[in-house]
Every structure is written in C-alpha cells, then in structure tokens.
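Here are the chains, one letter per residue:
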Amino acid sequence: MQDVSSLVAQAREGRPRAVARLISLVEGASPQLREVMAALAPLTGNAYVVGLTGSPGVGKSTSTSALVSAYRKQGKRVGVLAVDPSSPFSGGALLGDRVRMSEHASDPGVYIRSMATRGHLGGLAWAAPQAIRVLDAAGCDVILVETVGVGQSEVEIASQADTSVVLLAPGMGDGIQAAKAGILEIGDVYVVNKADRDGADATARELNHMLGLGEARGPGDWRPPIVKTVAARGEGVDEVVEALEKHRAWMEERGVLAERRLARAAREVETIAVTALRERIGDLHGDRHLPTLAERIVAGELDPYRAADELVTALTQA
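Residues numbered from 1 in each chain as written. Predicted model: local features only at pLDDT ≥ 70, side-chain atom pairs only at ≥ 80, totals over all residues. Heavy atoms only, no water.

**Comments concerning the pattern of salt bridges**
So, step 1. In this structure the tally under the stated criterion is 16 salt bridges.
So, step 2. A salt bridge links D107 to R72; the nearest nitrogen and oxygen atoms lie 2.9 Å apart. Taken together, the residues D107 in the loop between strand 2 (78–84) and strand 3 (110–116) and R72 in helix 4 (residues 60–73) connect sequence positions 35 residues apart.
So, step 3. Residues E252 and R248 are paired through a salt bridge, measuring 3.5 Å at the closest nitrogen-oxygen approach. Taken together, the positions of E252 and R248, both in helix 9 (residues 237–254) and four residues apart, correspond to about one turn of that helix.
So, step 4. For E252, a relative accessible area of 49% gives the class partly exposed.
So, step 5. When salt bridges with common partners are traced through the structure, they connect D162, R261 and R264 into a single cluster. (Salt bridge = Lys/Arg side-chain N within 4 Å of Asp/Glu carboxyl O. Helix = DSSP H or I, 4+ residues; strand = E, 2+ residues; numbered from the N terminus. Buried < 20%, exposed > 50% of the residue type's maximum accessible area, 1.4 Å probe, protein only.)

Here it is in structure tokens:
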C-alpha cells in the first residue's frame, strides 16, 4: 500500500516519481483511488487544460512538443497526457512517452505521460479525467492532452478540456473529414500544420468557409481562429499560444470557463456512478435475477424493458 499523503506532498514539490505513482494508482483503478482523489480535491482547479486532436499524420506530437517549448519559455510548468491506442496484448500504450517529445525529458518543469485508450471509443483513456486532476494538483500551470486520431466517435476531448485545438494538414482531405467527424463543432482554435506544403492556404480557406456555414454566432460569441504553423520548425507556435490565451480570457470574462468545468465535474460524477452500477450488475450476473428474467422474456411473459426495470429495482434494494 502506498502512503498517499506522502505521495501527494512529493507530487506538489514536483517530484516526477510521485506523480507517476499517483497516475499509476488512477490507471490501475487501485483500491486507494478514492483516498487519492480525496487528497487531491482541495489542490485542483488551477491548471489550464488544452486538448489537441486531429487525424493521424497531422503532427499532433510535434505540435504538442512545440507548445511545451513555448509555455516553458513563459516559465510555466507543463503536464502532457499523450493518449495512445492500446496494445491488444498488454493493454498498455503502444507508444511510450520516451518516444515522444524526448527533448523535454530532462526538464523538471515538464511531466509527460502516455496513457492507453484501452479500447475506449472517445479517444481518451477512461482514467484521463483523474490523471488531469493529478497533474493539476502537482502544480502544472498548463496541461496538454493529446488524443489518438479523431474519428466518428473521437470528439470526447471537448468534454475534458477548457480549450480544444483541432489540427489539420494540407493534402489529407481534412476539410471533408472534419465535417464528417463533427470536429468542426468542438474546435475552439484550428491549426493548419505543415503550412509549408502546397495546399495549406486552400485548406485554411476551405476550413474558414465550413466554419462560416456552421451555427450562427452573435456579436460577442467566440469565433474560432485558424492559425497556420510549421510545428517542426516552431513557426506559428507563438500565434497558437496567443490564440489560446485569448480564448481563455474570453471564457473567463463571460463565465464560460466556469460553466465548462462544472459540466466536466458533473460528467465525471455520472461516469463514476454508472461504472459503480455496472459493477453491481456484474455482481448479480450469477445471481437469481438475470436467469429468471431471461426465462420470462423467452417465455413471452415479460418484455426486456420491464425486465430491466425489475433488475434496477432489485439493484437499488440490494
């Protein structure tokens, strides 16, 4: 058993091993998870969470690394959660954090962690909200959450971040794909990376046109900017940081940041409650309820919805 209070104190001092152990407790759904979250609760709410998402090949890791450099120049502590596809054998991340952003590995002001999606459709590891809390409590000023490539169901980043950055690149059909995947609805800042390639201006124009076709915006509403970058050379990265800071200021001024964080906390509670209920249903799987209800459905005595109602009643009375 880990000494949670000691780990939290060490994490607050910026010790990477303590942060790593706390995130491991979270990822492994440790019996000490509740104790960890209780200890972290008073220490959170200070970090600015930025989500980065986009199709594979647009340069998410390079862009994340460039943003880390930009924020470090401002003297800010940065946490990075890089969410990777799961290995089908071990359930661990296929890409380790050593492979990514190696230039920041020796910087004590940067903490980088790869997390496996473990088959979670939204592109974010199920433990990501708790891992964000760990990095927040550990004193990170900015937390960058980089997700696996966006797909039809991988727009979950918007629900976990204060600001969502959608990355695109020229020549990848991203304009059409963006509309299909619904990521035009989640982006607060759009970045056309690899802007030194042919077609970058056309991609930015197409994106601007598609954003114009979206929902109507009033005079004071946020209009997502489109920033062109060459992240591999650090070009345009300062402009991205500037756009992020403008969005943060706009949210704080209009109370949107508080609203997003309240909604995020509510979803987190809901997820934990639903998970607990599922576990209780799993406990009942070998019990008398399910086989009896199944027999009545097959016999035509009961429909599945009524059966589900009876199971829920049994659960709440258990």
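Resuming the write-up.
**Overview of the packing of helix 11 (residues 289–298) against helix 12 (residues 304–317)**
So, step 1. Where helix 11 meets helix 12, the axes come as close as 10 Å, and the angle between the chain directions of the two elements is 160°. In terms of orientation, helix 11 and helix 12 fall into the roughly antiparallel class. Here the hand of the crossing between helix 11 and helix 12 comes out right-handed. When helix 11 is examined against helix 12, the residues H289, L290, L293, R296 and I297 are found in contact with a partner set consisting of P304, A307, E310, L311 and A314.
So, step 2. Taken together, the residues of the contact of helix 11 with helix 12 break down into seven nonpolar, one polar and two charged. (Axes fitted to C-alpha atoms, helices over the stretch in contact; angles between N-to-C directions. Parallel < 35°, antiparallel > 145°, perpendicular 65-115°, else oblique. Left-handed = near helix turned anticlockwise from the far one by under 90°. Contact = heavy atoms within 4.5 Å. Nonpolar A, V, L, I, M, F, W, Y, C, P; charged D, E, K, R; others polar.)

**Digging into the nonpolar core**
So, step 1. Residues V50, L52, L67, Y71, L144, V165 and L244 are the most contacted members of the largest nonpolar core, which totals 31 residues.
So, step 2. Counting 30 residues, the second-largest nonpolar core is a separate cluster that includes V26, V49, C140 and I143. (Core = buried A, V, L, I, M, F, W, Y, C linked by side-chain atoms within 4.5 Å.)

**Brief notes about helix 2 (residues 16–27)**
Structural remark: α-helix, 3.6 residues per turn; residues separated by three or four positions point the same way.
So, step 1. Its 12 residues give helix 2 an end-to-end C-alpha distance of 16 Å, which sits within 8% of 16 Å, the value for a rise of 1.5 Å per residue.
So, step 2. Three or more residues of helix 2 are buried, namely A18, V19, L22, I23, L25, V26 and E27.
So, step 3. Elements that come into contact with the buried residues of helix 2 comprise helix 1 (4–12), helix 3 (33–40), strand 3 and helix 5 (128–137).
So, step 4. A positive phi of about 50° marks A29, the residue just after helix 2. (Expected span 1.5 Å × (residues − 1).)

**Observations regarding the packing of aromatic side chains**
So, step 1. All told, the structure shown has one aromatic pair when counted by the stated rule.
So, step 2. Where W222 meets W250, the ring centres are 5.9 Å apart and the plane angle is 45°; that geometry is what we call tilted. With W222 in the loop between helix 8 (200–213) and strand 7 (226–228) and W250 in helix 9, this residue pair connects regions lying 28 residues apart in the sequence. In terms of burial, W222 and W250 fall into one category: buried. (Phe/Tyr/Trp six-rings, centres within 6.5 Å; stacked < 30°, edge-to-face > 60°.)

**Re helix 5**
So, step 1. A large share of helix 5 lies buried, amounting to nine of its 10 residues.
So, step 2. Inspection of helix 5 places A128, P129, Q130, A131, I132, V134, L135, D136 and A137 among the buried residues, and these make up the whole buried set.
So, step 3. Backbone geometry just downstream of helix 5 places G139 in the positive-phi region, at approximately 95°.

**Details of the environment of G109**
So, step 1. Structurally, G109 can be placed in the loop between strand 2 and strand 3.
So, step 2. Classification of G109 as buried rests on a relative accessible area of 9%.
So, step 3. Measuring from C-alpha to C-alpha, the distance between G109 and G14 comes to 7.8 Å, with 95 residues separating the pair along the chain.

**Notes on the environment of A70**
So, step 1. Along the chain, the position of A70 falls in helix 4.
So, step 2. For A70, a relative accessible area of 9% puts it in the buried group.
So, step 3. Sequence separation of A70 and D238 is 168 residues, and the distance between their C-alpha atoms is 6.7 Å.
So, step 4. Setting aside chain neighbours within four positions, we find A70 in contact with V237, D238 and V241.

**A short note on the side chain of H104**
So, step 1. Examined against the element boundaries, H104 turns out to sit in the loop between strand 2 and strand 3.
So, step 2. A distance of 3.1 Å separates the side chain of H104 from the backbone oxygen of S65, its partner in a polar contact.
So, step 3. Not counting residues up to four positions away in its chain, the partners in contact with H104 are S65, V68, S69, V110 and I112. (Polar contact = N/O pair within 3.5 Å; in protein donor to acceptor, adjacent residues only side chain to side chain.)

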